[in-house]
Every structure is written in C-alpha cells, then in structure tokens.
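In case you want the letters, here they are:
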Amino acid sequence: MKVKVISILEDNYMYLVIDEQSRKAVAVDPAVPHRVRERCMPGAAVRRDCSSYRTSVILNCKLLEIVKREGLSLTAILTTHHHWDHARGNAALVKELPGLRVYGGDDRIEALTDKVTDRQELKFHSLNVRCLFTPCHTSGHMCYFVWEDGCDDPPAVFSGDTLFLAGCGRFLEGTAEQMHRNLTEVLGSLPQETKVFCGHEYSIKNLKFALKVEPDNEKVKEMLSWARARDDDDKPTVPSTLVDEFQYNPFLRLSEEGVQKFTGKTDPVEVLRVLRKERDSFRKPKERLPPQAMLALQWGLLSAPPRLPKV
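If you're wondering where the values come from, they're calculated on a predicted model, not measured in any experiment.

1. Remarks on the nonpolar core
At step 1: Grouped together as the largest cluster of nonpolar side chains are 27 residues, with contacts concentrated most on Tyr15, Leu78, Leu122, Phe124 and Phe158.
At step 2: The residues contacting phenylalanine 124, other than those within four sequence positions of it, are Asp19, Val26, Thr75, Ala76, Tyr103 and Val129.
At step 3: One finds Cys143, Val196, Leu252 and Leu254 within the second-largest nonpolar core, a separate group that totals 24 residues.

Written out as structure tokens, the structure reads:
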C-alpha cells in the first residue's frame, strides 16, 4: 500500500491510497481536484520510523494528472466530513469520471453516492477500508481504517478533523463525551503501529500547546524540535503513529498526572473538555488577508472582513 500526501489550501491534506498491484487508487478528502500546492520538494520522502511504509509527495499537479501520470485508476472517494475544505472537489471529480463513487457518513457531503455506517467495510481490490463513525467535529464525521491484503506494511487511519498529530478537532457539532469515545474506544483501540494521516498541518501549534500542558515531557520537546525542522524544510509532519501519539498528544493522555494537574480535573471526560477549551483560546491566530487586500483595507477601499470560524 502506497500513500501520496498532497498539501492543499492553507494547511489541508488530501491523500491518494494506491493498491500497487492493481494500480487502483482511492482519494481521501480531495477538496481541490485540479491545481494543488505541495509543501514538499518533489521526490522528497515522507518517512519517520516507517521504512517499509511508502509515502511520497507531489508538487504543483492536478489530482487527475497525478492519477494519469502514475498509471492509476481512481475508483472511489472517501470523505471524512462535509466541510468545504474536505469535500469541495467531489462534484468535479464525479463529473470528470462518471461512475466514480463518493463514500461518507453525512448527507451534507457534496456529490455523495454511498452513505456508509459505523464499522461498515469496503473493498477496493486488495485494499480494505473500515468506516469508523466519529461524531463531534461534525455530527456525521467518519474516519477510515485501511489495510492491504497480504501486505506487511502497517495499516493506516485517515482521521480527518478528529485526531491530529498532538491534537484533536474542535467540538463543533458534538460533545466532550463523544470525542472521548472517538479517541479512546474507536481510534485509540486500533493497532498501535497504525499510521495516522490527519486532515490538517497543525503540528507545531498543537505541540506548543502540549508543551504548555506538560512542560517536562521530553517527547513533546523532541517532537516540537522535529516539527519545526520539517517546517523549515517545507515538509509535512504526517504520518504519525498511534504509539507515538500516546507519548505526546495531551488529548490521548487524559490519565497522566501532569495533564490532570493542568486541567484541575481527574475525570477523563472533564479533563478532555477543559483541554479543548484551553486549546481553543491558545494563541488563537487572527485571520490574515493577502497583501493586496491589506493595502486596499489601509486605503479604505475595503471594510474589515467578518471573522471566520476556525476549523
């Protein structure tokens, strides 16, 4: 199984999951089906303690150009949730590839053809997909656990906006109780070697917050230094692994003394609730306008824009 990591928009990731034997591919959250911007240099390998797990990156190509160049057949789209930065490209791809199936757990997903349910399994040649219902960020959020028949590569989970490297998603349409179940019972119970491919590049911000929560956690310090180096080289920080996440992700360390001390709570759900509230207000970045718009604003040609909700 091969995963192509494609950076789009400001900080999103979309993915191509490839069955190398059949050359069939599945796209995950292809919000931009045409021109995309890749954070990495062409040909750079994305590997961290995963030498057998083949991950590559793409620079300035159309998704369909990638598919054509690689000799692939795009057979399906897996959409984690309905937000535009994850689902906007579905309709265009379906229009260009008649018969393409779009899977997801929410009727609000653009161009949805197949609504899936919790624990439903899909098969695309030798690729197996288990749909994991993880409501909270949105009420219909799905994660996708993927493995390949007869392959020694570790499995992967495409976690959308539920689990990030060192973080978790905002509770936009759900509760702390739901997110606790998502992180502990659903995702946390997957094989520890599972590779985590999340929906956004939030790693440095998340790790800065993790360091505030656990200032003596050496793994957090190590990961923050590593993530900054990756950013300096314009390289992504995905994938992580579940076993690593349990060492530095405060949202998976709810029983740790330092995390409980930071929140002033001991009940895991309450610890999670306080953590998310603190993360929401942690150095919240202001919305930035392009330079041309900033000049226009200064010249009085534009009114101040409304504040946009953070993903």
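2. Considering a positive patch on the surface
At step 1: A surface patch of positive charge is lined by Lys208, Lys212, Arg228 and Arg283.
At step 2: Counting through the fold element by element, arginine 283 comes out in the loop between helix H9 (268-280) and helix H10 (291-298).

3. Some points on unusual backbone geometry
At step 1: Backbone torsion omega between valine 238 and proline 239 reads 0°, so that peptide bond is classified as cis.
At step 2: Inspection of the secondary structure puts proline 239 in the loop between helix H6 (218-232) and strand E15 (240-241).
At step 3: A positive phi angle is found at alanine 111, which is not glycine, with a value near 60°.
At step 4: For alanine 111, the location among the structural elements is in the loop between strand E6 (101-104) and strand E7 (114-115).
At step 5: Exposure remark for alanine 111: the relative accessible area of 29% places this residue in the partly exposed category.
At step 6: Phi is positive for histidine 125, which is not a glycine, with a value near 55°.

4. Focus on the environment of arginine 170
At step 1: Within the secondary structure, arginine 170 is located in the loop between strand E13 (167-168) and helix H4 (176-187).
At step 2: A C-alpha to C-alpha distance of 7.7 Å links arginine 170 and aspartate 280, two positions 110 residues apart in sequence.

5. Focus on the pattern of salt bridges
At step 1: Within the structure shown, the criterion is met by 18 salt bridges.
At step 2: Among the ionic pairs, arginine 181 bridges to glutamate 185, the shortest N-O distance being 3.9 Å. Here glutamate 185 and arginine 181 lie together in helix H4, a separation of four residues that amounts to about one turn.
At step 3: Counted as one network, the salt bridges with shared partners bring together Lys4, Arg23 and Glu70.

Definitions and limits used
- Residues numbered from 1 in each chain as written.
- Predicted model: local features only at pLDDT ≥ 70, side-chain atom pairs only at ≥ 80, totals over all residues.
- Heavy atoms only, no water.
- Core = buried A, V, L, I, M, F, W, Y, C linked by side-chain atoms within 4.5 Å.
- Buried < 20%, exposed > 50% of the residue type's maximum accessible area, 1.4 Å probe, protein only.
- Contact = heavy atoms within 4.5 Å.
- Patch = residues over 30% accessible without salt bridge, like charges linked within 9 Å, V, L, I, M, F, W, Y side chains within 5 Å.
- Areas by Shrake-Rupley, 256 points an atom, 1.4 Å probe, with all protein chains shown as cover.
- Salt bridge = Lys/Arg side-chain N within 4 Å of Asp/Glu carboxyl O.
- Lys, Arg positive; Asp, Glu negative; His and termini not counted.
- Charge placed at Lys NZ, Arg CZ, Asp CG, Glu CD.
- Helix = DSSP H or I, 4+ residues; strand = E, 2+ residues; numbered from the N terminus.

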